[in-house]
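# Commentary on secondary and tertiary structure
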Amino acid sequence: MALPYFYIKDLSANTITLDENTSKHVIQVLRMKSGEALMLTDGKGSKAKAIIVNDNRKRCEVKIESVHKEEVRKPAITIAVSLIKNASRFEWFLEKATEIGIGEIIPLLCERTEKEKFRFERLNGILVSAMLQSQQSWLPILHEPTEFKNVLKIEFETRFIAHCIEEEKQSLSKELSTTNTSRSQIILIGPEGDFTPKEISEALQKGFVPVSLGHTRLR
């Protein structure tokens, strides 16, 4: 049976005091006691097995028993996706992107983006929960909302844009499967009304390859 799994930003100390919320979950919800084991991750590739040495429900202390470092995930994929009006759908996307191993997520501000309040702490918390739920040790980097024109300036070795205008496009899944896994990659996904023709033109001029996400309509 898998050990309970928790997120701790810093695993450098031999003994760690868990924050109050985590302590309450470990001691009150899971009813764990001193001497029992759990797993910790820092979201930067490290997984640590720890033993509870103080089962205080507000300041639970654990001692690190062993640490395992996982390699950086490859390929390094960044998705720049437009914010949408339905916040719950965007949260669902963050959850699924984490589960499949996306490295970075850039909320994109396009001409047709429905600008909504961006609650960074809540959204980052969703990433943490999805990382733990899927038993991973790499937490995706969540950026602040970024203007479309500024994302085009970021250096990536491989660039894709998924838009809806009818033209010849490559299959994204095929492109990803044939791309050198050591190359950094970015995929642009637009708002409900798609990218504007001007935005698409600017991306193509910057070397973005137009791709299709498939033949079916995606929600």
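Report follows, based on the coordinates.

Calculation rules
- Residues numbered from 1 in each chain as written.
- Predicted model: local features only at pLDDT ≥ 70, side-chain atom pairs only at ≥ 80, totals over all residues.
- Heavy atoms only, no water.
- Helix = DSSP H or I, 4+ residues; strand = E, 2+ residues; numbered from the N terminus.
- Buried < 20%, exposed > 50% of the residue type's maximum accessible area, 1.4 Å probe, protein only.
- Contact = heavy atoms within 4.5 Å.
- Areas by Shrake-Rupley, 256 points an atom, 1.4 Å probe, with all protein chains shown as cover.
- Salt bridge = Lys/Arg side-chain N within 4 Å of Asp/Glu carboxyl O.

### Some remarks on the overall build of the protein
Within the protein one finds six helices and 13 strands. Buried positions account for 42% of the 219 residues belonging to the protein. Within the protein, residue pairs in contact and separated by at least 24 positions form 73% of the contacts whose partners lie at least 6 positions apart. Working note: accessible area of the protein is about 12700 Å², and carbon and sulfur atoms make up 49% of it.

### Section: the pattern of salt bridges
Tallied over the entire structure, the rule returns eight salt bridges. We note a salt bridge from glutamate 20 to lysine 24, for which the minimum N-O separation is 3.3 Å. One end of the pair, glutamate 20, and the other, lysine 24, are both in helix 1 (residues 20-29), four residues apart, so they sit about a helical turn from each other. Judged by relative accessible area, glutamate 20 falls into the partly exposed class, the value being 38%. Since its relative accessible area comes to 30%, lysine 24 is described here as partly exposed. Measuring nitrogen to oxygen at the nearest pair gives 2.7 Å for the salt bridge that ties arginine 122 to glutamate 91. Highlighted residues: arginine 122 in helix 3 (residues 120-133) and glutamate 91 in helix 2 (residues 87-99), separated in sequence by 31 residues.

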